Amino acid sequence: QSTPEELVAMLNDYLDAMTGIIFQHEGTLDKYQGDGIMAFWTAPVDQADHAYRACCAAIDSVACIRNDLHPRWKTEGKPLLSIRIGVNTGSMIVGNMGSRTRMNYTVMGDPVNLASRLESANKEYGTRVMISEFVMEHVRDRIAARELDVLRVKGKVKPVRVYEVLARAGTLNQETVKLLDLYNAGLAFYRAGRWRDALDAFAAAVKLCKDDGPSNMYIRRCREFMVSSP
């Protein structure tokens, strides 16, 4: 059990590392919300590659947690924080908002809400970084990602195709490429309603990586649908 002082020190350590990565990719820090961080790109200065920068910041944040913070916290006997990131792009209002006594340079609009929904949707899929189809359009050639699902988020009628960001393009190892082939085959079977074939493909993916969140999630769904088809 951590004391409040220890928790604050650990949180500051985490926020400091993550903020450094956002600045490294020339993002604008909007605010801290408890242990959460909100950041945006292409304001106040235009950035043609804003979506790519946001994805790279997400990739580097996950790597920093895994390779730097976790090992350090482990040796210090601290609990290990996990991280979830949602990335979206679209037209939004940017500028100073607030009261006459206190202003915040921030963004508002539907695309902001969707990014927040994607962040929490990671929980269901066992993923760390989820992006929308709108981001994918910008980064298709530069980011290695896999399709997760078609989501209909709260308050929206039109569903959105979502993807998990894995790495910068061209940096995946052979094992991950093999895993993705099995996963994609499983997804194709799943969408064709071939639950048994899909289950076999996802099970083979899990054999390669037992902690693969999306494959494990689809295994659960396939088993449910084999009993009672949707």
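Structure's up top.
Which residues make up the pairing of strand 6 (residues 129–132), and what values do they have?
Residue alternation in strand 6 divides its side chains into two sets, Val129 and Ile131 and Met130 and Ser132, and both sets are buried. Relative to strand 6, strand 3 (residues 85–87) runs parallel, the two sharing three bridges. Bridging from a neighbouring strand, Val87 pairs with Ile131 of strand 6. Sheet topology note: the strand 6/strand 8 (residues 160–168) ladder contains three bridges and is antiparallel. For Ser132, the partnering residue across the bridge sits in strand 8 and is Val162.

Now, about helix 5 (residues 174–191): what can you tell me, with residues and values included?
Under the 1.5 Å per step criterion, the end-to-end length of helix 5 is 26 Å for 18 residues, consistent within 8% with the ideal 26 Å. Restricting attention to buried positions, one finds in helix 5 the residues Leu179, Leu180, Tyr183, Gly186, Leu187 and Tyr190. For helix 5, the angular spread of the buried residues around the axis is 125°, confining them to a single face. Exposed positions of helix 5 whose direction lies more than 90 degrees from the buried face are Gln174, Lys178 and Asp181. Along its buried surface, helix 5 packs onto strand 7 (143–151), strand 8, helix 6 (195–208) and helix 7 (213–227). Backbone geometry just after helix 5 places Gly193 at a positive phi near 75°.

Run through the state of the cysteines, naming residues and quoting values.
This structure, assessed with the given rule, holds zero disulfides. Cysteine Cys55 shares no disulfide, and the gap to the nearest cysteine sulfur, in Cys56, comes to 7.0 Å. Cys209 takes part in no disulfide bond, and the closest cysteine sulfur, belonging to Cys222, lies 18 Å away.

Break down unusual backbone geometry for me, citing the residues and quoting the values.
Residue Pro44 is bonded to the preceding Ala43 through a cis peptide linkage, with omega at 5°. Position of Pro44 relative to the elements: it lies in the loop between strand 2 (36–40) and helix 2 (50–75).

Quick one: what's the story with the sheet that holds strand 7, residue by residue and with numbers?
Judged by pairing direction, the sheet is mixed, and its four strands sit side by side in the order 3-6-8-7 without closing on themselves. With one partner strand each, in any of the chains shown, strand 3 and strand 7 form the two edges of the open sheet. With strand direction ignored, the average angle separating the axes of adjacent strands in the sheet is 30°. Bridging between strand 7 and strand 8 involves eight bridges; their strand directions are antiparallel. In the sheet register, Ile143 faces strand 8, and the bridge partner there is Arg168. Against the sheet, helix 3 (residues 110–125) makes contact with strand 3, strand 6, strand 7 and strand 8, and its axis sits at roughly 130° relative to strand 6, the strand it touches most. Strands strand 7 and strand 8 of the sheet are contacted by helix 5, whose axis makes an angle of about 20° with strand 7.

Tell me about helix 3, and please be specific about residues and values.
A rise of 1.5 Å per residue sets the reference length of helix 3, with its 16 residues, at 22 Å; its end C-alpha atoms lie 23 Å apart and thus fit the reference within 8%. Of all the bends in helix 3, the greatest, near 25°, is centred on Glu119. Looking only at helix 3, the buried set comprises Pro111, Val112, Leu114, Ala115, Leu118, Ala121, Asn122 and Tyr125.

Analysis parameters
- Residues numbered from 1 in each chain as written.
- Predicted model: local features only at pLDDT ≥ 70, side-chain atom pairs only at ≥ 80, totals over all residues.
- Heavy atoms only, no water.
- Buried < 20%, exposed > 50% of the residue type's maximum accessible area, 1.4 Å probe, protein only.
- Helix = DSSP H or I, 4+ residues; strand = E, 2+ residues; numbered from the N terminus.
- Pairing = 2+ DSSP bridges.
- Expected span 1.5 Å × (residues − 1).
- Arc of directions from axis to C-beta.
- Contact = heavy atoms within 4.5 Å.
- Disulfide = S-S within 2.5 Å.
- Axes fitted to C-alpha atoms, helices over the stretch in contact; angles between N-to-C directions.
- Bend = angle between axes of the 7 residues up to and from the residue.

What is shown is where atoms sit, not what they do.
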